[in-house]
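Coordinates in review
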Amino acid sequence: MNKPASVPEQFDAVVVGAGFSGLFMLYQLRQLGLSVRVFDSAGDVGGTWYWNRYPGARCDIPTTDYAYSFDPELEKEWTWSEKYATQPEILDYLRFVTDRYGLRSDIEFSTVVTSARWDEQERRWRIKTGRGMEIECRYYIMATGCLSVPKSPDIEGISRFAGQVYFTSRWPHEGADFTGQRVAVIGTGSSGIQCIPLIARQASQLTVFQRTANFSIPAHNGPASAERLKQLDEDRDGYRHAARWSRGGIPTELTDIMGVTASEAVRRERFEAAWTQGELFGIINVFADQLVNPASNDIVAGMIREKIGSIVKDPATAEALSPKDHYFGTKRPCLDTGYFETFNLPHVRLVDLRKQPIISITEEGIQTADESFGFDAIVYATGFDAMTGPLVAVDVAGRDGVSLKEKWATGPSTYLGLMTAGFPNFFMLTGPGSPSVLSNMAVSIEQHVEWVAGCLKDMREDGFETIEPTELAESGWNSHVQDCAAITLHPTANSWYMGANVPGKPRFFLPYIGGVDAYRKACDEVVERGYLGFSMTGPDGARCRDGVIRRMQPDVALVLNLMTAMGLPPMETLSAADARALLAAIEAARPPGPQVGEVSDGVIPGPAGDLPYRLYRPAGPPEGPRPLVVYFHGGGWVLGNLDSDDPLCRDLCARSGAVVMSVNYRHAPEARFPAAALDAFAAVRWADASAAELGGIPGQLAVAGWSAGGNIAAVACHLARDAGGPHVSGQVLICPVVDSDLTRLSYQENGDGYILTTPLMRWFWDHYADPADRGDHRATPLRGNLPGLPPACIVAADFDPLRDEGVAYARALEAAGVPVRLVRARGHTHTSVPMVGLVISGAPVRAEIAEALRDFFPNAVPQEHLS
Ligand code: N01
């Protein structure tokens with residue numbers, strides 16, 4: 001097989017890795033009739049299951065689901081012996097698959113791929129191996145797994161130790177016999193937790209060095225679940241289809257029960273059921289909100305800690321084994337068999353490295369800050385340089401010689417986790433930005449491989465030779481991956497998901513947490529839209545369909561889908577009274593917004609009668625008056641009242657530290673233009689005159705409003721300026737109506753499908769103002785005289801029909817010399833920013849609004865005083 005370096009072997013495709021993904025990739029490429037060479041540094045197939053041979057190594061996804069599903073015949077020929085199979089059994093399975101499809105002949109074992117360079121001239125990859133081979137290929141595919149490069153344990157003096165050294169990730173084939181030995185295990189992740197109980201059976205003394213206590217639940221291993229086997233038996237295709245379109249790659253009924261609102265009995269019942277079931281996808285599905293809401297997460301975490309306390313007899317050891325420094329699920333939870341029980345054995349000891357860190361490894365053992373330990377063997381279960389490690393371990397250089405390592409120096413950047421711009425025809429299976437490690441790998445691998453194979457087939461049929469993502473598509477996907485993570489508790493943890501286990505690695509959430517189903521949908525949609533976000537070239541020309549596949553914030557999309565599913569009638573088909581009733585019903589089901597110091601209601605005199613108001617005073621110090629914000633709710637001048645924007649007012653009050661006075665005003669059609677605007681101005685005058693009684697600081701008053709409330713807030717600023725007072729320190733206009741032109745681009749792009757529609761906006765205008773009045777600056781402030789208006793903060797949301805008029809107002813104010821802060825609510829709709837407690841991704845936008853408010857006031861409460 002070895003050829004002189006001058007005559008490179010030619011293949012259509014080179015695949016690196018002969019584990020689950022590489023084997024299936026080879027199979028699929030062969031089906032396409034392509035010539036393929038697979039390389040693996042291991043001596044046989046198996047990937048992770050070849051290397052991780054430590055005692056107790058097993059899968060922690062049920063074997064009924066942790067297997068290939070592409071061939072029903074294959075499924076008939078293999079029966080797993082347990083719910084969670086051992087490493088040897090899984091390795092046997094992969095060998096069986098290899099032989100069944102005759103894959104071995106295309107695999108070169110014990111061969112490391114050292115470099116891969118793109119030759120732009122030839123449009124081919126030049127591959128070199130550690131054995132001096134040179135190969136050229138059209139497609140270069142890395143099937144190198146996510147957890148295949150062990151991380152350095154980063155402990156001083158490792159080479160000094162005179163005894164036996166083992167790494168769980170590189171366990172010797174002949175095994176290890178610890179009988180009668182004093183053994184140390186460093187690391188309590190999945191590998192440590194699996195091997196510790198078995199090592200304890202042999203060792204005369206076992207000392208476990210734990211830096212971070214980990215959440216683990218009992219696997220309750222045994223025969224495969226009878227219920228799953230029945231489902232598979234009765235309808236294999238249906239079961240596999242459900243897995244492919246599930247959140248995690250296993251058919252699971254997702255709960256909608258929220259931890260924070262569930263009764264104690266329901267909480268306990270759900271938790272106990274998950275504990276007894278012994279499945280990871282069960283324990284992460286106790287409550288719908290456990291990965292986004294700290295309070296809900298605490299409930300599950302607390303119950304696991306309780307269990308640890310009930311299993312481990314020594315209270316100090318139980319306490320040390322109880323995780324407290326991260327939210328449950330933000331570091332990979334583990335499944336164990338007798339892990340916590342092991343610490344009840346007299347010869348097993350836990351050393352808490354938070355209390356006595358390791359100073360160094362010595363010739364005899366381990367020196368901590370407090371003690372010297374002597375050992376015969378040390379086992380490192382210290383983890384991996386996850387996801388990116390295996391990819392940058394090869395010197396991959398794309399166009400212009402740019403290396404992957406350089407490109408990813410500040411964090412990985414991929415399109416769909418499959419490709420990266422500047423590296424044509426380079427595919428990653430289960431790469432960063434794909435669900436991979438957060439899912440049942442078997443399902444995710446099949447999806448990836450099938451997508452790549454489908455792509456190569458389509459390229460061939462369309463006469464293209466190269467494919468590569470565009471920069472725009474890639475940065476859009478990266479944003480989406482981070483947006484999905486940002487609404488969860490994940491970014492708070494020092495996990496390997498965040499790259500935090502490897503010193504110096506950029507902090508970046510590596511996998512895609514949007515779900516296997518959502519991911520598959522995005523990948524399919526990319527293809528349906530003519531390979532959106534990819535450019536392809538071939539002998540007959542090039543094709544580029546530039547664009548971003550997912551621009552909406554994930555939680556906004558979720559809320560939108562829920563509302564669509566509710567099948568509500570379009571508001572513009574209702575009477576004003578019915579529309580108000582519908583809005584009130586929707587509002588009744590939403591979260592209440594944050595606590596503030598005090599809420600009180602009152603009335604103020606308006607031009608045509610009393611106007612109700614609600615006053616929100618912030619909690620906490622400092623005592624004394626605060627700046628005052630007069631707020632006007634949204635609702636198209638037709639809908640809304642003091643309750644409708646209550647959560648938003650609380651949020652503004654809590655975040656800004658200002659007193660917020662929400663004023664109700666007369667509504668159309670009962671009171672048409674300019675009633676609402678005149679009421680707003682009257683309220684501002686009254687608030688200014690009454691600032692001291694309201695707990696405000698006289699002369700430090702801003703206005704704010706959302707939607708039509710933004711309209712009258714803006715108009716109040718015009719009227720105050722024209723009347724020579726009162727002084728308004730600033731205006732916050734959240735997705736405001738500032739014009740009546742419904743033809744702007746944002747109306748064309750977003751006029752349908754995002755709750756506020758063009759017909760609804762037309763309905764609002766028709767209720768509020770006669771066409772002849774709509775040019776009046778008290779209806780359309782954009783058309784008014786702008787110099788001399790107060791500084792403004794304007795929020796424009798991507799998916800809002802009003803987006804462009806908000807931006808136009810910001811530009812026009814700027815041109816008129818008014819200081820403006822334009823806040824782009826990326827991925828938001830007209831209604832999503834005010835959805836406090838429901839749309840988590842709106843929080844950073846509201847934080848920016850609060851910051852703008854504080855900037856308006858000389859005596860704003862400093863950020864550090866705000867809770
Ligand atoms: O690695 P880990 P793993 N001094 O990174 C500690 C999959 N897997 O091999 O948390 C002292 O989880 C480190 O401490 P800390 C699974 O996805 C699956 O166990 O960084 N301690 C941690 O306790 C899993 O998540 C199965 O503070 C040091 C441990 O070592 C992933 O592989 C089985 C240290 C590493 O835990 C990785 O699991 C096994 C130091 N210098 C693995 N450096 C299945 O069941 C690190 N640690 C399918």
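Residues numbered from 1 in each chain as written. Predicted model: local features only at pLDDT ≥ 70, side-chain atom pairs only at ≥ 80, totals over all residues. Heavy atoms only, no water.

**Some details on the overall build of the protein**
For clarity, the cut-off: Per the convention used, a helix needs a DSSP run of H or I reaching at least four residues, while a strand needs a run of E reaching at least two, with both numbered from the N terminus. Under the scheme applied here, a residue whose accessible area is under 20% of the maximum for its type counts as buried, over 50% as exposed, and between as partly exposed, the area being computed with a 1.4 Å probe on protein chains only. Contact definition: two residues touch when any of their heavy atoms are within 4.5 Å. Accessible areas in this description were obtained via Shrake-Rupley with a 1.4 Å probe; residue shielding takes into account the shown protein chains only.
Scanning the protein from N- to C-terminus turns up 26 helices and 29 strands. When its C-alpha atoms are laid out on the principal axes, the protein stretches across 90 × 75 × 55 Å. Within the protein, the fraction of its 867 residues that count as buried is 59%. In the protein, the share of contacts with a sequence separation of at least 24, taken over all contacts with a separation of at least 6, comes to 73%. Just so you have it, the protein exposes about 32900 Å², and 52% of that area is on carbon and sulfur atoms.

**Looking at the site of the ligand**
For the record, the criterion: Here, proximity means that at least one heavy atom of the residue falls within 4 Å of the molecule or strand. Whenever two N or O atoms come within 3.5 Å, that pair is a polar contact, provided that in protein one can donate a hydrogen and the other can accept it, and provided that, for residues adjacent in sequence, both atoms are side-chain atoms. Note on residue categories: nonpolar means Ala, Val, Leu, Ile, Met, Phe, Trp, Tyr, Cys or Pro, charged means Asp, Glu, Lys or Arg, and polar means any other residue, Gly included.
What surrounds the ligand is a group of 26 residues, the closest being P153, S191, R211, T212 and K331. At a separation of 2.9 Å, an oxygen atom of the ligand approaches a polar side-chain atom of Q194. Contact between the ligand and K331: an oxygen atom at 2.7 Å from a side-chain N or O atom of the residue. Starting from 910 Å² of accessible surface for the ligand in isolation, the protein chains cover 88%. Among the elements that take part in the shell around the ligand, helix α5 (residues 190-202) stands out by supplying three residues, more than any other. Looking at side-chain class alone, the shell around the ligand contains ten nonpolar, nine polar and seven charged residues.

**Comments concerning the sheet that holds strand β13 (residues 358-361)**
Here is the rule we go by: Strand pairing is assigned whenever DSSP identifies at least 2 bridges connecting the two strands. Here, axes are lines fitted to C-alpha atoms. For helices the fit covers the stretch in contact, and angles between N-to-C directions go from 0 to 180 degrees.
Within the open sheet, the three strands sit side by side as β13-β14-β15. Their pairing is antiparallel. Two strands in the sheet have a free side with no partner beyond their single neighbour: β13 and β15 (372-374). On average, each strand axis in the sheet is tilted by 20° relative to the strand beside it, whichever way the strands run. Of the strand pairs in this sheet, β13 and strand β14 (residues 365-368) are connected by three bridges, and their pairing is antiparallel. Bridged to I358 within β14 is T368.

**Some words on the packing of aromatic side chains**
This is how the line gets drawn: Note on ring pairs: Phe, Tyr and Trp rings are taken, using the six-membered ring of Trp, and paired if centres are within 6.5 Å. Classes follow the plane angle, with under 30 degrees stacked, over 60 edge-to-face and the rest tilted.
Per the stated rule, a full pass over the model turns up 50 aromatic pairs. Ring plane angle 55° and centroid distance 4.7 Å describe the contact between W637 and W765, whose orientation is recorded as tilted. With a gap of 128 residues between them, W637 in the loop between β24 (626-632) and α20 (646-656) and W765 in helix α24 (residues 758-768) connect regions that are remote in the sequence. Judged by relative accessible area, which is 0%, W637 ranks as buried. Relative to F799, the ring of Y754 has its centre 5.1 Å away and its plane inclined at 50°; by these criteria the two rings are tilted. Here the residue Y754 occupies a position in the loop between α23 (745-750) and α24, and F799 occupies one in strand β28 (residues 792-799), the gap between them amounting to 45 residues.

**So, helix α22 (residues 708-723)**
An α-helix turns once every 3.6 residues. As a result, residues three or four positions apart point the same way. For the record, the criterion: An expected span of 1.5 Å times one less than the residue number is assigned to each helix.
Counted at 1.5 Å a residue, the expected span for α22 with its 16 residues is 22 Å, and the 22 Å between its end C-alpha atoms agrees. Backbone geometry just after α22 places G724 at a positive phi near 80°.

**Describing the pattern of salt bridges**
Which entries qualify depends on this criterion: Throughout this description, the term salt bridge denotes a Lys or Arg side-chain nitrogen within 4 Å of a carboxyl oxygen of Asp or Glu.
In this structure the tally under the stated criterion is 61 salt bridges. Linking E468 and R399 is a salt bridge whose minimum nitrogen-to-oxygen distance equals 2.5 Å. Of this pair, E468 sits in strand β19 (residues 466-469) while R399 sits in the loop between β17 (395-397) and α14 (404-407); the two residues are 69 residues apart in sequence, bridging distant segments of the chain. For E468, a relative accessible area of 11% translates into the label buried. The shortest N-O distance in the salt bridge between R580 and E670 comes to 2.9 Å. In this pair, R580 is assigned in helix α19 (residues 576-588) and E670 in the loop between β25 (659-663) and α21 (675-689), connecting sequence segments 90 residues apart. Residue classification places R580 among the partly exposed positions, given a relative accessible area of 25%. Several salt bridges share partner residues, and in doing so they unite D44, D92, R95, D99 and R104 into one network.

**A short note on α20**
With nine of its eleven residues buried, α20 lies for the most part within the structure. Listing the buried residues of α20 in full gives D646, P647, L648, C649, R650, D651, L652, C653 and S656. Buried residues belonging to α20 abut β22 (598-606), β23 (609-617), β24, β25, β27 (730-734) and α26 (843-856).

**Some words on the environment of R744**
Checked against the element boundaries, R744 lands in the loop between β27 and α23. It is 62 Å that separates the C-alpha atoms of R744 and R170, two residues lying 574 residues apart in sequence. Beyond its immediate chain neighbours, meaning those up to four positions away, R744 contacts D739, L782, D804, E805 and A808.

**Regarding unusual backbone geometry**
In the segment running from P621 into P622, the intervening peptide bond is cis, with an omega of 0°. As for its position among the elements, P622 is in the loop between β23 and β24. Residue G725 is joined to P726 through a cis peptide bond whose omega torsion reads 0°. Backbone geometry places T430, a non-glycine residue, at a positive phi of 55°.

**Here we look at the nonpolar core**
This is how it is decided: By nonpolar core we mean a set of buried residues, namely Ala, Val, Leu, Ile, Met, Phe, Trp, Tyr and Cys, connected to one another through side-chain atoms within 4.5 Å.
If you look at the biggest cluster of nonpolar residues, it comprises 135 residues, and the most contacted ones within it are Y68, Y93, L206, I304, L416, F427 and W451. Broken down by element, this core gets its largest block of residues, ten residues, from helix α15 (residues 441-462). With residues up to four places along the chain from it excluded, the contact list for F427 reads Y139, Y140, I141, M142, L418, M419, W451, V452, C455, L456 and I467. Formed by 67 residues, the second largest nonpolar core is a distinct cluster that contains I604, A668, A708 and Y809.

**Quick word on the pairing of strand β8 (residues 182-186)**
On a regular strand, each side chain points to the face opposite its neighbour's, so the side chains alternate between the two faces of the sheet. Basically, it comes down to this: Handedness of a crossover is defined as follows: with both strands directed away from the viewer, a clockwise route from the first strand across the helix to the second makes it right-handed.
In terms of burial, β8 is a largely internal element, four of the five residues being buried. Since β8 and strand β9 (residues 205-210) lie parallel, the crossover through α5 that links them has a hand, and here it is right-handed.

**Quick word on the environment of A320**
Of note, A320 is situated in helix α11 (residues 315-321). The exposure class assigned to A320 is buried, which follows from its relative accessible area of 17%. In this structure, A320 is in contact with Q210, A213, L350 and D352, ignoring residues within four places of it in sequence.

**Side note on the packing of helix α6 (residues 226-234) against helix α7 (residues 236-244)**
Under the convention used in this document: In these notes the angle categories are as follows: under 35 degrees is roughly parallel, over 145 is roughly antiparallel, 65 to 115 is roughly perpendicular, and the rest is oblique.
Where α6 contacts α7, the two axes come as close as 5 Å, and the packing angle between them is 115°. Judged by the inter-axis angle, α6 sits roughly perpendicular to α7. Contacts between α6 and α7 pair R228, Q231, L232 and E234 from the former with R236, Y239 and R240 from the latter. Looking at side-chain class alone, the contact of α6 with α7 contains two nonpolar, one polar and four charged residues.

**Thoughts on the side chain of D651**
Residue position: D651 is located in helix α20. For D651, the side chain forms a polar contact with the side chain of R655, separated by 2.7 Å. Here D651 is in contact with P594, V836 and R846, once residues within four sequence places are set aside.

**Quick notes on the sheet that holds strand β20 (residues 534-538)**
One key point about sheets: their strands pair by backbone hydrogen bonds, in either a parallel or an antiparallel sense. In spatial order, the strands read β19-β20-β21; together these three strands make up an open sheet with antiparallel pairing. The strands lining the two open edges of the sheet, one partner per strand, are β19 and β21 (541-545). The sheet shows a mean angle of 15° between the axes of neighbouring strands, direction not considered. Bridging between β19 and β20 involves four bridges; their strand directions are antiparallel. Its bridge partner being in β20, P469 is matched across the sheet by F534.

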